[in-house]
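Residue-level structure breakdown
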Amino acid sequence: MIFDAVADFLEQLPEGGVLIGLDIGTKTIGTAFCDAGWTFASPADLIRRSKFSKDKALLSAAIATRATRGIVIGLPLNMDGSESPRSQSSRAFARNIADLGLPILLRDERWSTQAVERDMIAADMSRAKRAEKIDSGAAAFILQGAIDALTIG
């Protein structure tokens with residue numbers, strides 16, 4: 001099931017559990033995981049996009065390694081909150097992985113990449129290192145926002 005509302009997603013996870021966050025790009029998929037108690041999100045591996053079947057297999061393997069209970073996907077909205085072509089692409093990705101059997105939350109990600117990049121610059125991280133870590137950092141930012149909303153509630 002795919003949800004836009006945190007409350008509806010929460011109903012599917014009455015006992016919590018590990019969640020995976022995804023920042024879906026055209027060339028990469030940034031991933032992040034949170035702990036089962038929904039306290040903190042941490043960046044994980046970067047999936048370099050290729051054929052969808054291969055991307056899905058890599059995602060499925062990552063999910064299996066952590067006994068994941070749900071998926072949070074960043075939804076790139078326009079600044080006015082309206083949907084964009086990239087939003088539709090993220091929704092299509094969610095529909096295409098729905099058969100993994102986990103509840104999916106689509107979460108506004110408008111400022112995720114900029115916030116993560118700003119923090120990386122403040123930490124004096126090189127451009128090359130930022131480019132390597134930005135998408136998984138954005139996935140962690142998206143996931144952290146979701147778990148904060150889930151626990152505040």
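Residues numbered from 1 in each chain as written. Predicted model: local features only at pLDDT ≥ 70, side-chain atom pairs only at ≥ 80, totals over all residues. Heavy atoms only, no water.

Attention now goes to the packing of aromatic side chains. The relative placement of two aromatic rings is captured by the distance of their centres and the angle of their planes. In total, this model carries two aromatic pairs according to the counting rule given. Measuring from centroid to centroid gives 6.5 Å for Phe-3 and Phe-9, while their planes differ by 65°, and the two rings are edge-to-face. Across the pair, Phe-9 and Phe-3 agree in class, each one buried. Geometrically, the ring pair formed by Phe-52 and Phe-93 is edge-to-face, given 5.6 Å between the ring centres and 80° between the ring planes. Here Phe-52 is found in helix H2 (residues 52-65), whereas its partner Phe-93 is found in helix H3 (residues 85-97), with 41 residues between them in sequence. (Phe/Tyr/Trp six-rings, centres within 6.5 Å; stacked < 30°, edge-to-face > 60°. Buried < 20%, exposed > 50% of the residue type's maximum accessible area, 1.4 Å probe, protein only. Helix = DSSP H or I, 4+ residues; strand = E, 2+ residues; numbered from the N terminus.)

Before going further, it helps to examine the pairing of strand E3 (residues 28-34). The buried count for E3 comes to seven of seven residues, which makes it a mostly enclosed element. With burial as the criterion, each face of E3 is covered, one bearing Thr-28, Gly-30, Ala-32 and Cys-34 and the other bearing Ile-29, Thr-31 and Phe-33. Where strand E2 (residues 19-24) and E3 come together, five bridges link them in antiparallel fashion. Each bridged residue has a counterpart across the sheet, and for Ile-24 the counterpart in E3 is Ile-29. Bridge analysis of E3 against strand E4 (residues 41-48) gives six bridges, and the strand direction is antiparallel. Pairing of Ala-32 across the sheet is with Pro-43, part of E4. (Pairing = 2+ DSSP bridges.)

With that settled, consider the pattern of salt bridges. Under the definition given, this model contains four salt bridges. Here Asp-99 ties to Lys-56 by a salt bridge, and the two come within 2.6 Å at their closest N and O atoms. Pair noted here: Asp-99 is in the loop between H3 and strand E6 (104-108) and Lys-56 is in helix H2, with a separation of 43 residues, a long-range link. Through salt bridges that share partners, Asp-4, Glu-83 and Arg-91 make up one connected network. (Salt bridge = Lys/Arg side-chain N within 4 Å of Asp/Glu carboxyl O.)

Tracing the backbone through its elements, the reader meets Thr-28 in strand E3. Those residues in contact with Thr-28 that sit more than four places away from it in its chain are Asp-23, Leu-46, Ile-47, Arg-48, Arg-49 and Asp-135. (Contact = heavy atoms within 4.5 Å.)

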